[in-house]
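Observations on chain architecture
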Amino acid sequence: MTEIVYFDYNATTPPRPEVADAMMEVLRVAGNASAVHASGRAARARVDEARASIAALIGAEPGQIIFTGSGTEANNQALRESGRKRLIVSAIEHEAVRSARADAEISPVDENGIINLEALEQILAGSDEPAQVAVMLANNETGVIQPIAEVSSIARRHGALVHCDAVQAVGKIPVDVVALGADSYALSSHKFAGPQGVGVLVMRTPDIIGRFVHGGGQERGLRAGTENVAGIVGLGVAARLAAQALPKYAKLAELRDGLERRLRDIAPDMIVFGQDSERLPNTAKLTMPGVPGDTQVMAMDLAGIAISAGSACAAGKVEPPYVLSAMGVPDDISITATRVSLGWQTRPEDLDKFVAAWEKLYNRVGRKVG
Ligand code: PLP
(Lines give C-alpha, C1' and ligand atoms only; values in the text may rest on other atoms or scores of the structure.)
Protein backbone atom coordinates (compact mmCIF):
# COMPACT_ATOMS: atom_id res chain seq x y z
CA MET A 1 0.00 0.00 0.00
CA THR A 2 1.31 3.48 -0.83
CA GLU A 3 2.17 5.57 2.18
CA ILE A 4 -0.41 8.26 2.93
CA VAL A 5 0.88 11.75 3.47
CA TYR A 6 -1.30 12.96 6.32
CA PHE A 7 -2.08 16.67 6.48
CA ASP A 8 -5.24 16.55 8.57
CA TYR A 9 -3.87 16.89 12.11
CA ASN A 10 -6.59 19.36 13.09
CA ALA A 11 -9.17 16.61 12.46
CA THR A 12 -7.23 14.04 14.47
CA THR A 13 -3.60 13.21 15.16
CA PRO A 14 -1.94 9.83 14.82
CA PRO A 15 -1.25 8.73 18.42
CA ARG A 16 2.38 8.60 19.45
CA PRO A 17 3.71 5.02 19.90
CA GLU A 18 4.35 5.64 23.62
CA VAL A 19 0.63 6.47 23.99
CA ALA A 20 -0.48 3.22 22.37
CA ASP A 21 2.05 1.21 24.43
CA ALA A 22 0.87 2.71 27.72
CA MET A 23 -2.77 2.07 26.81
CA MET A 24 -2.11 -1.55 25.86
CA GLU A 25 -0.40 -2.11 29.19
CA VAL A 26 -3.49 -0.81 31.03
CA LEU A 27 -5.93 -2.76 28.86
CA ARG A 28 -4.22 -6.03 29.78
CA VAL A 29 -4.97 -5.69 33.51
CA ALA A 30 -8.27 -5.24 35.34
CA GLY A 31 -8.56 -2.18 37.51
CA ASN A 32 -11.55 -0.07 38.51
CA ALA A 33 -10.17 3.21 39.80
CA SER A 34 -12.92 3.32 42.45
CA ALA A 35 -12.08 -0.08 43.97
CA VAL A 36 -10.10 -0.16 47.22
CA HIS A 37 -8.02 -3.28 46.54
CA ALA A 38 -4.55 -3.25 45.02
CA SER A 39 -5.58 -3.34 41.35
CA GLY A 40 -8.10 -0.56 41.98
CA ARG A 41 -5.48 1.52 43.73
CA ALA A 42 -3.05 0.96 40.84
CA ALA A 43 -5.67 2.17 38.35
CA ARG A 44 -6.41 5.19 40.56
CA ALA A 45 -2.69 6.03 40.73
CA ARG A 46 -2.46 5.98 36.94
CA VAL A 47 -5.53 8.21 36.57
CA ASP A 48 -4.06 10.63 39.12
CA GLU A 49 -0.73 10.64 37.27
CA ALA A 50 -2.54 11.50 34.02
CA ARG A 51 -4.47 14.26 35.80
CA ALA A 52 -1.19 15.75 37.00
CA SER A 53 0.35 15.56 33.49
CA ILE A 54 -2.52 17.34 31.75
CA ALA A 55 -2.70 19.93 34.54
CA ALA A 56 1.04 20.61 34.14
CA LEU A 57 0.70 21.07 30.37
CA ILE A 58 -1.78 23.94 30.81
CA GLY A 59 -0.71 25.47 34.13
CA ALA A 60 -3.76 24.16 36.03
CA GLU A 61 -4.10 22.35 39.37
CA PRO A 62 -4.92 18.62 39.15
CA GLY A 63 -8.07 19.29 41.19
CA GLN A 64 -9.38 21.53 38.40
CA ILE A 65 -9.39 18.68 35.85
CA ILE A 66 -12.53 16.64 35.08
CA PHE A 67 -12.16 13.85 32.51
CA THR A 68 -14.97 13.60 29.94
CA GLY A 69 -15.74 11.44 26.89
CA SER A 70 -14.70 14.10 24.33
CA GLY A 71 -13.97 17.74 23.74
CA THR A 72 -17.55 18.06 22.52
CA GLU A 73 -18.89 16.81 25.84
CA ALA A 74 -16.66 19.19 27.80
CA ASN A 75 -17.87 22.14 25.71
CA ASN A 76 -21.53 21.13 25.89
CA GLN A 77 -21.50 20.68 29.63
CA ALA A 78 -19.61 23.87 30.34
CA LEU A 79 -22.25 25.83 28.46
CA ARG A 80 -25.37 23.92 29.46
CA GLU A 81 -24.69 23.58 33.17
CA SER A 82 -23.38 27.01 34.09
CA GLY A 83 -26.81 28.27 35.08
CA ARG A 84 -26.30 31.55 33.21
CA LYS A 85 -29.32 33.09 31.48
CA ARG A 86 -27.41 34.44 28.47
CA LEU A 87 -24.80 32.71 26.34
CA ILE A 88 -22.72 34.74 23.89
CA VAL A 89 -20.49 32.77 21.49
CA SER A 90 -18.06 34.00 18.84
CA ALA A 91 -19.13 33.58 15.22
CA ILE A 92 -16.33 31.10 14.51
CA GLU A 93 -16.89 28.57 17.30
CA HIS A 94 -16.89 24.85 16.60
CA GLU A 95 -20.28 23.08 16.39
CA ALA A 96 -19.60 21.62 19.85
CA VAL A 97 -20.05 25.18 21.17
CA ARG A 98 -22.45 26.62 18.57
CA SER A 99 -24.97 23.82 19.09
CA ALA A 100 -24.70 23.57 22.86
CA ARG A 101 -27.57 26.01 23.38
CA ALA A 102 -30.16 27.02 20.77
CA ASP A 103 -30.52 30.51 22.27
CA ALA A 104 -26.83 31.51 21.97
CA GLU A 105 -26.15 35.09 20.81
CA ILE A 106 -23.39 35.52 18.22
CA SER A 107 -20.46 37.89 18.65
CA PRO A 108 -18.78 38.87 15.35
CA VAL A 109 -15.16 38.49 14.19
CA ASP A 110 -13.18 40.79 11.86
CA GLU A 111 -11.76 39.99 8.40
CA ASN A 112 -8.64 38.51 10.03
CA GLY A 113 -10.76 36.01 11.94
CA ILE A 114 -10.28 37.67 15.33
CA ILE A 115 -13.14 38.40 17.71
CA ASN A 116 -14.26 42.04 17.65
CA LEU A 117 -13.79 43.04 21.28
CA GLU A 118 -15.80 46.27 21.06
CA ALA A 119 -18.77 44.38 19.64
CA LEU A 120 -18.47 41.81 22.42
CA GLU A 121 -18.46 44.55 25.02
CA GLN A 122 -21.56 46.13 23.47
CA ILE A 123 -23.43 42.83 23.43
CA LEU A 124 -22.55 42.28 27.09
CA ALA A 125 -23.64 45.81 27.97
CA GLY A 126 -27.01 45.21 26.26
CA SER A 127 -28.49 43.39 29.24
CA ASP A 128 -27.96 42.95 32.99
CA GLU A 129 -28.89 39.29 32.91
CA PRO A 130 -26.15 36.90 34.09
CA ALA A 131 -24.09 35.92 31.06
CA GLN A 132 -21.47 33.45 29.91
CA VAL A 133 -19.15 34.11 26.96
CA ALA A 134 -17.57 31.33 24.86
CA VAL A 135 -14.54 32.10 22.71
CA MET A 136 -12.13 29.49 21.38
CA LEU A 137 -8.38 29.80 21.87
CA ALA A 138 -7.48 28.80 18.31
CA ASN A 139 -9.80 28.27 15.38
CA ASN A 140 -9.85 24.76 13.93
CA GLU A 141 -10.11 25.99 10.32
CA THR A 142 -7.78 28.98 10.08
CA GLY A 143 -5.63 28.39 13.18
CA VAL A 144 -6.16 32.04 14.16
CA ILE A 145 -5.46 32.61 17.87
CA GLN A 146 -7.98 34.63 19.85
CA PRO A 147 -7.23 37.28 22.53
CA ILE A 148 -8.68 35.27 25.42
CA ALA A 149 -7.01 37.32 28.19
CA GLU A 150 -8.74 40.45 26.82
CA VAL A 151 -12.04 38.59 26.44
CA SER A 152 -11.72 37.49 30.08
CA SER A 153 -11.12 40.98 31.38
CA ILE A 154 -14.04 42.44 29.38
CA ALA A 155 -16.32 39.65 30.58
CA ARG A 156 -15.16 40.13 34.16
CA ARG A 157 -16.11 43.85 33.99
CA HIS A 158 -19.64 42.75 33.09
CA GLY A 159 -19.83 39.94 35.66
CA ALA A 160 -19.88 37.28 32.93
CA LEU A 161 -18.27 33.84 33.00
CA VAL A 162 -15.85 32.87 30.21
CA HIS A 163 -15.60 29.44 28.65
CA CYS A 164 -12.72 28.77 26.28
CA ASP A 165 -12.63 25.89 23.80
CA ALA A 166 -8.89 25.20 23.82
CA VAL A 167 -9.22 21.91 21.88
CA GLN A 168 -7.10 22.99 18.90
CA ALA A 169 -4.52 24.98 20.85
CA VAL A 170 -3.39 22.55 23.54
CA GLY A 171 -0.27 20.68 22.48
CA LYS A 172 0.32 23.09 19.58
CA ILE A 173 1.18 26.28 21.45
CA PRO A 174 1.99 26.96 25.12
CA VAL A 175 -1.28 27.36 27.06
CA ASP A 176 -1.45 28.91 30.53
CA VAL A 177 -4.98 28.80 31.85
CA VAL A 178 -4.22 31.25 34.67
CA ALA A 179 -2.83 33.92 32.31
CA LEU A 180 -5.78 33.45 29.93
CA GLY A 181 -8.14 34.04 32.84
CA ALA A 182 -11.18 32.06 31.64
CA ASP A 183 -13.40 30.22 34.11
CA SER A 184 -13.53 26.94 32.19
CA TYR A 185 -11.78 25.24 29.27
CA ALA A 186 -12.42 22.24 27.02
CA LEU A 187 -9.56 20.02 25.76
CA SER A 188 -9.48 16.91 23.59
CA SER A 189 -6.86 14.17 23.77
CA HIS A 190 -6.93 13.12 20.09
CA LYS A 191 -5.86 16.58 18.94
CA PHE A 192 -2.47 16.22 20.65
CA ALA A 193 -1.53 12.64 19.75
CA GLY A 194 -3.59 10.95 22.47
CA PRO A 195 -6.51 8.56 21.98
CA GLN A 196 -9.94 9.53 20.64
CA GLY A 197 -12.90 9.56 23.02
CA VAL A 198 -11.24 11.32 25.96
CA GLY A 199 -11.70 14.98 26.77
CA VAL A 200 -11.12 17.32 29.67
CA LEU A 201 -13.19 20.01 31.29
CA VAL A 202 -11.04 22.42 33.28
CA MET A 203 -12.79 24.52 35.90
CA ARG A 204 -11.28 27.42 37.82
CA THR A 205 -13.51 26.62 40.82
CA PRO A 206 -15.66 23.51 41.16
CA ASP A 207 -18.94 25.35 41.69
CA ILE A 208 -18.93 27.05 38.26
CA ILE A 209 -20.48 24.13 36.40
CA GLY A 210 -23.10 21.79 37.82
CA ARG A 211 -23.13 17.99 37.93
CA PHE A 212 -23.65 16.62 34.43
CA VAL A 213 -23.67 12.84 34.62
CA HIS A 214 -25.54 11.44 37.61
CA GLY A 215 -24.57 8.15 39.24
CA GLY A 216 -21.50 7.18 41.27
CA GLY A 217 -19.13 9.75 42.68
CA GLN A 218 -16.47 9.67 39.95
CA GLU A 219 -14.81 12.89 38.85
CA ARG A 220 -15.79 14.57 42.11
CA GLY A 221 -19.42 13.61 41.53
CA LEU A 222 -19.71 15.87 38.47
CA ARG A 223 -19.34 13.25 35.77
CA ALA A 224 -20.29 9.84 37.10
CA GLY A 225 -19.32 6.60 35.37
CA THR A 226 -16.38 4.23 35.65
CA GLU A 227 -13.34 6.02 34.25
CA ASN A 228 -11.89 5.13 30.86
CA VAL A 229 -8.59 4.30 32.52
CA ALA A 230 -6.73 3.26 29.35
CA GLY A 231 -7.89 6.38 27.50
CA ILE A 232 -7.04 8.66 30.41
CA VAL A 233 -3.58 7.08 30.73
CA GLY A 234 -3.05 7.58 26.99
CA LEU A 235 -4.07 11.22 27.35
CA GLY A 236 -1.63 11.65 30.24
CA VAL A 237 1.30 10.24 28.25
CA ALA A 238 0.31 12.41 25.26
CA ALA A 239 0.20 15.49 27.50
CA ARG A 240 3.69 14.79 28.89
CA LEU A 241 5.13 14.28 25.40
CA ALA A 242 3.31 17.35 24.06
CA ALA A 243 4.91 19.52 26.75
CA GLN A 244 8.38 18.29 25.73
CA ALA A 245 7.63 18.73 22.01
CA LEU A 246 6.31 22.32 22.09
CA PRO A 247 9.59 23.94 20.88
CA LYS A 248 9.76 21.45 18.00
CA TYR A 249 6.10 22.05 17.22
CA ALA A 250 6.72 25.81 16.89
CA LYS A 251 9.15 25.02 14.06
CA LEU A 252 6.29 23.62 11.97
CA ALA A 253 5.51 27.25 11.15
CA GLU A 254 8.65 27.35 8.97
CA LEU A 255 7.44 24.35 6.97
CA ARG A 256 3.92 25.78 6.77
CA ASP A 257 5.11 29.25 5.68
CA GLY A 258 7.42 27.68 3.08
CA LEU A 259 4.49 25.70 1.73
CA GLU A 260 2.36 28.83 1.44
CA ARG A 261 5.17 30.64 -0.42
CA ARG A 262 5.63 27.79 -2.88
CA LEU A 263 1.89 27.57 -3.60
CA ARG A 264 1.73 31.32 -4.15
CA ASP A 265 4.57 31.06 -6.66
CA ILE A 266 2.40 28.57 -8.57
CA ALA A 267 -0.88 30.52 -8.18
CA PRO A 268 -0.19 34.20 -7.37
CA ASP A 269 -3.84 34.91 -6.46
CA MET A 270 -4.01 32.05 -3.97
CA ILE A 271 -5.42 33.32 -0.63
CA VAL A 272 -4.29 32.27 2.83
CA PHE A 273 -6.96 33.12 5.40
CA GLY A 274 -5.84 34.73 8.64
CA GLN A 275 -2.31 35.09 7.27
CA ASP A 276 -1.78 38.44 9.00
CA SER A 277 -3.02 37.15 12.35
CA GLU A 278 -1.22 35.12 14.99
CA ARG A 279 -1.89 31.52 13.96
CA LEU A 280 -1.23 27.99 15.13
CA PRO A 281 2.13 26.94 13.63
CA ASN A 282 0.68 23.92 11.84
CA THR A 283 -2.42 25.27 10.09
CA ALA A 284 -2.98 26.78 6.63
CA LYS A 285 -6.43 27.54 5.27
CA LEU A 286 -5.92 28.38 1.60
CA THR A 287 -7.62 28.53 -1.77
CA MET A 288 -6.80 26.95 -5.10
CA PRO A 289 -8.32 29.56 -7.44
CA GLY A 290 -11.26 28.22 -9.41
CA VAL A 291 -11.24 24.70 -7.92
CA PRO A 292 -13.91 23.61 -5.40
CA GLY A 293 -12.49 22.37 -2.11
CA ASP A 294 -14.13 18.95 -2.33
CA THR A 295 -12.60 18.42 -5.81
CA GLN A 296 -9.19 19.23 -4.33
CA VAL A 297 -9.74 16.85 -1.41
CA MET A 298 -10.64 14.01 -3.80
CA ALA A 299 -7.76 14.68 -6.20
CA MET A 300 -5.29 14.87 -3.32
CA ASP A 301 -6.71 11.67 -1.86
CA LEU A 302 -6.07 9.91 -5.18
CA ALA A 303 -2.50 11.21 -4.97
CA GLY A 304 -2.19 9.70 -1.46
CA ILE A 305 -2.50 12.98 0.43
CA ALA A 306 -5.06 13.66 3.19
CA ILE A 307 -6.36 17.24 3.55
CA SER A 308 -9.81 18.56 4.42
CA ALA A 309 -12.32 20.95 2.86
CA GLY A 310 -14.62 21.92 5.74
CA SER A 311 -14.10 20.84 9.31
CA ALA A 312 -14.97 17.21 8.70
CA CYS A 313 -15.51 16.28 12.33
CA ALA A 314 -18.54 14.15 11.53
CA ALA A 315 -17.76 11.36 9.07
CA GLY A 316 -18.01 12.57 5.49
CA LYS A 317 -19.89 15.70 6.49
CA VAL A 318 -18.52 19.00 5.22
CA GLU A 319 -19.90 21.93 7.18
CA PRO A 320 -21.01 25.13 5.48
CA PRO A 321 -18.11 27.60 5.42
CA TYR A 322 -19.45 29.64 8.32
CA VAL A 323 -15.98 30.48 9.63
CA LEU A 324 -14.95 32.14 6.35
CA SER A 325 -18.42 33.73 5.94
CA ALA A 326 -18.01 35.26 9.40
CA MET A 327 -14.72 36.76 8.14
CA GLY A 328 -16.60 38.32 5.20
CA VAL A 329 -15.28 35.92 2.55
CA PRO A 330 -17.71 35.53 -0.38
CA ASP A 331 -19.04 31.98 -0.97
CA ASP A 332 -17.48 31.67 -4.46
CA ILE A 333 -14.05 32.07 -2.86
CA SER A 334 -14.66 30.14 0.35
CA ILE A 335 -15.77 27.05 -1.59
CA THR A 336 -12.28 26.89 -3.14
CA ALA A 337 -10.59 26.66 0.28
CA THR A 338 -9.04 23.64 1.91
CA ARG A 339 -7.30 23.17 5.23
CA VAL A 340 -3.80 21.75 5.40
CA SER A 341 -2.70 20.89 8.92
CA LEU A 342 0.75 19.52 9.76
CA GLY A 343 1.90 17.61 12.82
CA TRP A 344 4.47 15.56 14.65
CA GLN A 345 5.11 13.12 11.80
CA THR A 346 5.36 15.74 9.02
CA ARG A 347 8.65 15.68 7.08
CA PRO A 348 9.90 18.26 4.55
CA GLU A 349 9.61 15.67 1.74
CA ASP A 350 5.87 15.34 2.50
CA LEU A 351 5.50 19.00 1.57
CA ASP A 352 7.36 18.41 -1.72
CA LYS A 353 4.85 15.70 -2.55
CA PHE A 354 1.98 18.02 -1.65
CA VAL A 355 3.28 20.90 -3.76
CA ALA A 356 3.81 18.62 -6.79
CA ALA A 357 0.25 17.21 -6.56
CA TRP A 358 -1.22 20.68 -5.97
CA GLU A 359 0.62 22.16 -8.95
CA LYS A 360 -0.48 19.31 -11.21
CA LEU A 361 -4.14 19.80 -10.25
CA TYR A 362 -3.94 23.58 -10.54
CA ASN A 363 -2.37 23.38 -14.01
CA ARG A 364 -5.12 21.02 -15.09
CA VAL A 365 -8.24 22.74 -13.70
CA GLY A 366 -7.26 25.92 -11.82
CA ARG A 367 -8.21 29.47 -12.82
CA LYS A 368 -5.08 31.26 -14.07
CA VAL A 369 -4.46 34.96 -13.48
CA GLY A 370 -4.68 37.32 -16.50
N1 PLP B 1 -13.61 22.09 19.47
C2 PLP B 1 -12.81 22.26 18.40
C3 PLP B 1 -12.24 23.61 18.13
C4 PLP B 1 -12.53 21.19 17.55
O5 PLP B 1 -11.75 21.38 16.48
C6 PLP B 1 -13.11 19.92 17.83
C7 PLP B 1 -12.88 18.78 16.91
O8 PLP B 1 -12.57 18.97 15.75
C9 PLP B 1 -13.92 19.80 18.98
C10 PLP B 1 -14.13 20.91 19.76
C11 PLP B 1 -14.54 18.50 19.34
O12 PLP B 1 -13.63 17.64 20.02
P13 PLP B 1 -13.93 16.08 20.08
O14 PLP B 1 -13.59 15.52 18.74
O15 PLP B 1 -13.04 15.55 21.16
O16 PLP B 1 -15.36 15.90 20.43
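Residues numbered from 1 in each chain as written. Predicted model: local features only at pLDDT ≥ 70, side-chain atom pairs only at ≥ 80, totals over all residues. Heavy atoms only, no water.

1. Quick look at the site of the ligand
Around the ligand, 14 residues are found, and the nearest of them are Thr72, Asp165, Gln168, Ser188 and Lys191. His94 is positioned such that a nitrogen or oxygen atom in its side chain is 3.5 Å from an oxygen atom of the ligand. Taking Asp165, its side chain carries an N or O atom lying 2.6 Å from a nitrogen atom of the ligand. When the free accessible area of the ligand is taken as 390 Å², the share hidden by the protein chains comes to 92%. When residues of the shell around the ligand are assigned to their parent elements, the largest contribution, three residues, is made by helix H3 (residues 71–80). (Near = heavy atom within 4 Å. Polar contact = N/O pair within 3.5 Å; in protein donor to acceptor, adjacent residues only side chain to side chain. Areas by Shrake-Rupley, 256 points an atom, 1.4 Å probe, with all protein chains shown as cover. Helix = DSSP H or I, 4+ residues; strand = E, 2+ residues; numbered from the N terminus.)

2. Observations concerning helix H9 (residues 252–266)
Taking 1.5 Å of rise per residue, the 15 residues of H9 would be expected to cover 21 Å, and the 21 Å separating its terminal C-alpha atoms lies within 8% of that figure. The set of residues buried in H9 consists of Leu252, Ala253, Arg256, Gly258, Leu259, Glu260, Leu263 and Ile266. Those residues of H9 hidden inside the fold are in contact with helix H8 (229–250), strand E9 (283–287), strand E11 (337–341) and helix H13 (348–365). (Expected span 1.5 Å × (residues − 1). Buried < 20%, exposed > 50% of the residue type's maximum accessible area, 1.4 Å probe, protein only. Contact = heavy atoms within 4.5 Å.)

3. Structural notes on the sheet that holds strand E4 (residues 105–107)
If you walk across this open sheet you meet the seven strands as E2-E8-E7-E6-E5-E3-E4, and the pairing is mixed. The sheet terminates laterally at strand E2 (65–68) and E4, the two strands that pair on one side only. Averaged over all adjacent pairs, the angle separating strand axes in this sheet is 20 degrees, with direction ignored. Note: strand E7 (residues 184–188) against strand E8 (residues 199–203), five bridges, orientation antiparallel. In the strand pairing of E8, Ser184 is matched with Met203. (Pairing = 2+ DSSP bridges. Axes fitted to C-alpha atoms, helices over the stretch in contact; angles between N-to-C directions.)

4. Brief notes about the domain arrangement of the chain
Each domain of the chain was delimited in the assignment, giving domain 1 (17–245) and domain 2 (251–369). Between the C-alpha centres of domain 1 and domain 2 the distance comes to 28 Å. Overall, the association of domain 1 and domain 2 removes approximately 2,000 Å² of surface from exposure, summing both partners, and the carbon and sulfur fraction of that is 62%. A salt bridge links Arg339 to Glu141, with the shortest nitrogen-to-oxygen separation between them at 3.4 Å. Put simply, domain 1 and domain 2 have seven residue pairs in polar contact (both at pLDDT 80 or more) between them. Of the residues assigned to the side of domain 1 that touches domain 2, the class counts are 11 nonpolar, eight polar and seven charged. (Domains from an automatic or database assignment. Buried area = accessible area lost by both parts, 1.4 Å probe. Salt bridge = Lys/Arg side-chain N within 4 Å of Asp/Glu carboxyl O. Nonpolar A, V, L, I, M, F, W, Y, C, P; charged D, E, K, R; others polar.)

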